[in-house]
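# Structural characterization, general
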Amino acid sequence: MSGATRPDRPAGRLRRIFGRLAASQEDEHAEDLRKDTPPTECTRIRDCQDRQIVTVAGTLRTVTLRPRAGVPALEAELFDGTAPLDVVWLGRRSIAGIEPGRKIIASGRIAQNRGRLVLFNPKYELRPVGQE
Amino acid sequence: MTMLPKQFLLGRPLRTAQMGETLLAKRLALPVFCSDPLSSVAYATEEILMVLALGGAALLHLAWWVGAAIVLLLVVVVASYRQTCYAYPGGGGAYVVSSENLGPTAALTAASALMVDYVLTVAVSVVAGVAAITSAFPGLSKHAVLLPLAFVALLTVMNLRGMKESGRAFAIPTYAFVLSIYVMFAFAAARMLMGHTIRAESAHLSIHATGTYAGIGLLLLGLRAFASGCTALTGVEAISNGVPAFKKPKSRNAAMTLLVMGVLAITMFVGITILAMVFQVHVADDPTQLGLPAGTSTPTALAQIAKAAFGNVTVLFYFVQAATAAVLILAANTAFNGFPMLASILAQDRYLPRQLHNRGDRLVFSNGVVLLALAAAGLIVAFDADLSEIIQLYIIGVFVSFTLSQAGMVRHWGSKLTDATDGPGRRRIRRSQAINALGAALTALVLVIVLITKFAHGAWIVCIAMPALFLAMKAVRRHYERVAEELKVTPDARPERPSRNHAVVLVSTIHAPTLRAVGYAQSMRPDTLEAVTVAVDPAAAERLNEKWSAHEMGVPLKVLESPYREITRPVMEYVRGLRRESPRDVVTVLIPEYVLGRWWEHILHNQSALRLKARLLFTSGVMVISVPYLLDSALRREERFGRTAAGEPAAGESLTSV
């Protein structure tokens, strides 16, 4: 700590420090997720194209039981630190292990629904919770 | 329960339509508005003698000249303000007059001066009143700080009750004071005519001069005595300020009251000064100057005069002291009338917070009354209730506002002159203008004298406080203008529907409030509707999910991840995410909450929804709806207070954690 404060911009410096403190938790979380992603053959969600067959890995941020046209459907939002992706299992009320905070690897064909990327009935692999 | 003491202290709330009933007849207006100038004769003479005593007994004869100058000033100021009463029947305080004729800067200067002086009026009058009490009962002098504070509190309550009733309460002491002073004059005159030589108890005390005053020094001392004596002029503007409070014909009644006040004040001041000189009253700020041990509490000049005049008729002496104390304490009431009225005008012009313009239960500007009381109490405590210290701050504000208001009146008549065409009308206007011009010139001169002689003795505090107040009021106005600018709409603006409405019900568990909130949300028919919960505890989230299906809620339940076991952040991020996707949509967040009736019950419940609500308020495009569910205790509370406290919001509400 040299303590070399620049007298001409004390507010800017202070604001940067506070900004870093405030933003850190969200950014850190995203950063952690990006690092966590297994390097082998996984696509980053941000790079996914419509109709492309991909394998993605990340954490489930939300899990929703959302009936579609009378048919139950389990919907989850997968986040890998770059972009969110909706994962939908049609015809299922619940799947053991599909819960918020869970890390999974999913593969399937990307579709688009109202401008959001969706992966219908993907093949998935639950990754262990906690220490690996 | 909370309403009962308030009703007991302040009386029943008055309807807005009952406003007219607070108008004052002349005989009531005189004590309400004039107790200040009338009562200041109780200490004006003493202040003059005290300053002159610094130069030794030889200089006391200057009191004649100083007294004469003050009488002249009083005549001119009263004459000037009578003009104002006629010209401004809607209330012609210094602020109104100068804002109409001299512009906003002058008006704000006058307003800040007046506000500072109103606070000082309360402090000085109450402290002087307590001095009159301790002169009669020296044993009480150890409560010199506590007693003034108690009286300020008493005045506050009386004024919160409303003007007319306080006018009635103030009529008796004011008239008693005037009567007692005239009885004292008569008594003294009769005894002197019978050949008695009357001397005050302090007549034998020699005065040690603190220095020799000659030439410029003598002149300055004389001017300082004059400046101290000018306290007799405070409060004259109260009548012109309060013209609307008079019964019709308002202007004539106000001018008449002002004249009566002038005659009474001048005769009493002259009489007391003559008696003080004849009885050879010797007073000094520092008792050692009179050869007394330091710390001796000396009776006031008026108390000495009364004691000497009545001789062994001590009942009358106590009567004078009681009346003096009462009138002085009630003199503070002039400020309690003037300050809230001025503050409300300023608030209307957006120079002060708008709350000061609200009329309370009893149709008085309650917030202004309370503000004044707090400021005066603070001043009394800060100055340790020392009259001769506080009085140094006094007067400057009065004369600033006098000068500005009289100068404004000169301008006012000037513009009237261009409209008037007939000879007699023009002559009348010319005469009024001349009176006001004389008033302006004299008060400006006095202001300079007061500033020079008092600055080093404490007046500098006022010279800081007034500009500070001035700048603060400017800042308040700027703020209101900025807000108004942002809120402004163009004439062709129409209500605009958001393209879509996403409703989100926050859920922590399934209970009655949740069901009500979900049902209510469905009745709103939003474009999308979902329930959201935060998975702080995965097992609980799992159970909730199962129950959700069992209750056939008909709404998808979204479980949010919370890697750091928080509630607020995941919800905030989720709502912000919805907003990011389509900025023209709105998000409605429904929060089910149960309302508790007792304050201690709140401690037992989590307040996380309250925090969340506060955060969501600062997110644009997000509406927050509370869906209340009244618990038994809250319902009973409603029954208990439903009649008395109609319209009063529940003291607090507790929220379910989400």
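Residues numbered from 1 in each chain as written. Chains lettered and ligands numbered in written order. Predicted model: local features only at pLDDT ≥ 70, side-chain atom pairs only at ≥ 80, totals over all residues.

For chain A, the name recorded in an unreviewed UniProt entry is OB-fold nucleic acid binding domain-containing protein, with Streptantibioticus rubrisoli as its organism.

The subject of this paragraph is the overall build of chain A. Regarding its fold elements, chain A presents one helix and six strands. N-terminal to C-terminal, the α/β element order of chain A is α-β-β-β-β-β-β. Taken over 132 residues, chain A has a buried fraction of 19%. Partitioning the contacts of chain A with sequence separation of at least 6, the portion at a separation of at least 24 is 45%. (Helix = DSSP H or I, 4+ residues; strand = E, 2+ residues; numbered from the N terminus. Buried ≥ 20, exposed ≤ 12 C-beta atoms within 10 Å, placed from the backbone. Contact = placed C-beta atoms within 7 Å.)

This paragraph deals with the interface of chain A and chain B. Between chain A and chain B, the contact holds 15 residues from the first and 13 residues from the second. Elements represented by at least two residues in the side of chain A that touches chain B include exactly α1 (10–36) and β1 (53–65) of chain A. Among the elements that line the side of chain A that touches chain B, the one with the most residues is β1(A), at seven residues. The pairing of β1(A) with strand β3 (residues 557–561) of chain B spans four bridges and is classified as antiparallel. Paired with A:Leu65 across the two strands is B:Leu557, which belongs to β3(B). (Pairing = 2+ DSSP bridges.)

This next bit is on the packing of helix α3 (residues 41–53) of chain B against helix α9 (residues 216–229) of chain B. Residues and elements named next belong to chain B. For the pair α3 and α9, interaxial distance at closest approach is 8 Å and the crossing angle is 160 degrees. Our classification of the angle between α3 and α9 gives roughly antiparallel. Here α3 runs over α9; the crossing is right-handed. Contact residues: Ala44, Glu47, Ile48, Val51 and Leu52 in α3; Leu221, Arg224, Ala225, Ser228 and Gly229 in α9. Residue composition of the contact of α3 with α9, by class: six nonpolar, two polar and two charged. (Axes fitted to C-alpha atoms, helices over the stretch in contact; angles between N-to-C directions. Parallel < 35°, antiparallel > 145°, perpendicular 65-115°, else oblique. Left-handed = near helix turned anticlockwise from the far one by under 90°. Nonpolar A, V, L, I, M, F, W, Y, C, P; charged D, E, K, R; others polar.)

On to the nonpolar core. Of all hydrophobic cores here, the largest spans 168 residues; its most connected members are B:Leu49, B:Leu52, B:Ala123, B:Val127, B:Ile305, B:Leu372 and B:Ile390. Core analysis: the second largest hydrophobic core is formed by 48 residues, A:Val63, A:Ala76, B:Val505 and B:Ala517 among them. (Core = buried A, V, L, I, M, F, W, Y, C linked by C-beta atoms within 7 Å.)

To continue, consider the packing of helix α16 (residues 396–419) of chain B against helix α17 (residues 423–454) of chain B. Residues and elements named next belong to chain B. Close contact between α16 and α17 brings their axes to 8 Å; oriented N to C, the two are set at 155 degrees. Taken as axis vectors, α16 and α17 run roughly antiparallel relative to one another. Of the two elements, α16 crosses α17, and the hand of that crossing is left-handed. When grouped by side-chain class, the residues that make up the contact of α16 with α17 number 17 nonpolar, eight polar and two charged.

Residue and element names in this part refer to chain B. All of the buried residues in helix α23 (residues 608–617) are Ala609, Leu612 and Leu616. The buried residues of α23 all sit within an arc of 55 degrees when viewed along its axis, so they share a single face. Structural note: α23 exposes Ala614 and Leu617 on the side pointing more than 90 degrees away from its buried face. Elements in contact with the buried residues of α23: α21 (568–581), β4 (586–595) and β5 (622–630). (Arc of directions from axis to C-beta.)

Let us look at α17(B). Residue and element names in this part refer to chain B. The end-to-end C-alpha distance of α17 is 46 Å, a good match for the 46 Å that 32 residues give at a rise of 1.5 Å each. The set of residues buried in α17 consists of Ser432, Ile435, Asn436, Gly439, Ala440, Leu442, Thr443, Val446, Leu447, Val450, Thr453 and Lys454. Contact partners of the buried residues in α17: α4 (62–87), α9, α16 and α18 (459–487). (Expected span 1.5 Å × (residues − 1).)

A word on the pairing of strand β3 (residues 84–90) of chain A. All names here are of chain A. With seven bridges connecting them, strand β2 (residues 73–79) and β3 associate as antiparallel partners. Bridging across to β3, Glu75 finds its partner in Val88. Where β2 folds back on β3, the antiparallel hairpin that results is connected by four residues, among which Gly81 adopts a positive phi of roughly 95 degrees. Direction of pairing for β3 relative to strand β5 (residues 116–120): parallel, over a ladder of three bridges. Following the sheet pairing, Asp86 is matched in β5 by Val118.

Residue and element names in this part refer to chain B. Looking at where Ile345 falls in the secondary structure, it is placed in helix α13 (residues 314–348). Through-space distance from the C-alpha of Ile345 to that of Ala521 is 45 Å; in sequence the pair is 176 residues apart. Among residues more than four places away in sequence, those in contact with Ile345 are Tyr95 and Val96.

Glancing now at the environment of B:Val96. Residue and element names in this part refer to chain B. Considering the arrangement of structural elements, one finds Val96 in helix α5 (residues 94–101). Exposure remark for Val96: the 22 C-beta atoms within 10 Å place this residue in the buried category. Residues Val96 and Thr509, 413 residues apart in the sequence, show an inter-C-alpha distance of 61 Å. Apart from the residues lying within four places of it in its own chain, the contact partners of Val96 are Tyr88, Gly91 and Ile345.

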